[in-house]
Amino acid sequence: MGKAINNIRSTVVPLNIENVDTDQIIPARFLKATSREGFGKNLFRDWRYNDDDESQPKKDFVLNDSTYSGKVLVAAKNFGCGSSREHAAWAIKDAGFDVVVSSFFADIFKNNALNNFLLPVQVSDDFLKEIFDAVAKDPKTEIEVNLDRQIIRILSTGAQESFEINVYKKTCLLNGYDDIDYLLSIKPEIEQYELQPK
């Protein structure tokens, strides 16, 4: 059973770069492992280090900037495009993020995220800009994401927006269910249905 997600309140890491593809999220050379653990250290690997050397972090990349931290990654438009690798969601989750915010997600990335207890919150372009502006003004700006109510809010300004999510995936995230856990949770209803006369 995965980690349930409901109400998350956190500072954010702003990645104001459009069209981030899955190869930038987790380069192909790190896809050999089959376990979900350990991918976080290679998240945005080529953007984080000079010459792929961990002893030479790029100081101007946001993940290397101690000013920013939190469980929410705020990305620009069209996040997760490119190939369908599930490892991209693994890497973001393993790096400590529970939520990714963008104004547009590639469908395959969005589904992979939901299957790995990483909540993709799609907002309008205007609201995304409000978040980036608030964080630029104060890096300690906190965002609240309420999955049950499907609302995302900037705490410092009170600005908020609703977001959409598949009802089934919402149920799974709220309860920490993967697909098997969900079926087990409705086992009595399935058994009752099977007993009905055909």
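Keep in mind that this is a model prediction, so the values were computed, not measured.

About the criteria used
Residues numbered from 1 in each chain as written. Predicted model: local features only at pLDDT ≥ 70, side-chain atom pairs only at ≥ 80, totals over all residues. Heavy atoms only, no water. Pairing = 2+ DSSP bridges. Helix = DSSP H or I, 4+ residues; strand = E, 2+ residues; numbered from the N terminus. Axes fitted to C-alpha atoms, helices over the stretch in contact; angles between N-to-C directions. Buried < 20%, exposed > 50% of the residue type's maximum accessible area, 1.4 Å probe, protein only. Polar contact = N/O pair within 3.5 Å; in protein donor to acceptor, adjacent residues only side chain to side chain. Contact = heavy atoms within 4.5 Å. Parallel < 35°, antiparallel > 145°, perpendicular 65-115°, else oblique. Left-handed = near helix turned anticlockwise from the far one by under 90°. Nonpolar A, V, L, I, M, F, W, Y, C, P; charged D, E, K, R; others polar.

## Some remarks on the sheet that holds strand β5 (residues 142-146)
- Judged by pairing direction, the sheet is mixed, and its seven strands sit side by side in the order β4-β3-β2-β1-β5-β6-β7 without closing on themselves. Of all strands in the sheet, those bounded by a partner on one side alone are β4 (119-122) and β7 (160-162). On average, adjacent strands in this sheet sit at an angle of 25 degrees to one another, irrespective of strand direction.
- Of the pairings in the sheet, the one linking β5 to strand β6 (residues 151-154) comprises four bridges and is antiparallel in character. For Glu144, the partnering residue across the bridge sits in β6 and is Arg153.

## Structural notes on the side chain of Ser103
- With respect to the helices and strands, Ser103 occurs in the loop between β3 (99-102) and α4 (107-115).
- Using a relative accessible area of 9% as the deciding quantity, one classes Ser103 as buried.
- Side-chain polar atoms of Ser103 contact the side chain of Asp125, separated by 2.8 Å.
- Apart from the residues lying within four places of it in its own chain, the contact partners of Ser103 are Lys77, Gln122, Val123, Ser124, Asp125 and Leu128.

## A few points about the packing of helix α3 (residues 87-94) against α4
- Between α3 and α4, the least distance of the axes is 8 Å, while the angle of their chain directions is 50 degrees. When the axes of α3 and α4 are compared, the pair comes out oblique. Considering how the two elements wind past one another, α3 and α4 form a crossing that is right-handed. The residues of α4 that touch α3, namely those facing Ala88, Ala89 and Ile92, are Phe109, Asn112 and Ala113.
- Tallied by class, the residues present in the contact of α3 with α4 amount to five nonpolar, one polar and no charged.

## Focus: unusual backbone geometry
- Located in the positive-phi region is Asn19, a residue other than glycine, with phi close to 55 degrees.
- In this fold, Asn19 is placed in the loop between β1 (7-15) and α1 (22-25).
- Positive phi values are uncommon outside glycine, yet Asn78 reaches one of about 65 degrees.

## A few points about the pairing of β3
- Of the two faces of β3, the one holding Val99 and Val101 and the one holding Val100 and Ser102 are both buried throughout.
- Relative to β3, strand β2 (residues 72-75) runs parallel, the two being bridged by three bridges. Looking across to β3, one finds that Val72 is bridged to Val99.
- In this structure, β3 lies alongside β4, joined through four bridges in parallel fashion. Counterpart to Val99 in the pairing with β4 is Leu119.

## Some details on the environment of Leu114
- Topologically, Leu114 is positioned in helix α4.
- For the pair formed by Leu114 and Asn166, sequence separation is 52 residues and the distance between their alpha carbons is 9.5 Å.
- Excluding residues within four positions of it along the chain, Leu114 makes contact with Leu119, Pro120, Ile165, Lys169 and Leu173.

## Quick look at the environment of Thr67
- By secondary structure assignment, the location of Thr67 is in the loop between α2 (45-48) and β2.
- Overall, Thr67 belongs to the partly exposed group, its relative accessible area being 32%.
- Considered as a pair, Thr67 and Asp51 are 16 residues apart in the sequence and their alpha carbons are 24 Å apart.
- When neighbours within four sequence positions are excluded, Thr67 is seen to be in contact with Pro139 and Lys140.
- Side chain to side chain, Thr67 and Asp65 meet in a polar contact 2.7 Å long.

## Quick look at the environment of Leu118
- Within the secondary structure layout, Leu118 lies in the loop between α4 and β4.
- Residues Leu118 and Lys187, spaced 69 residues apart in sequence, show a C-alpha to C-alpha distance of 26 Å.
- Residue contacts for Leu118: discarding those within four places in its chain leaves Ala89, Ile92, Lys93, Phe97, Asp98, Val99, Val100, Phe109 and Ala113.

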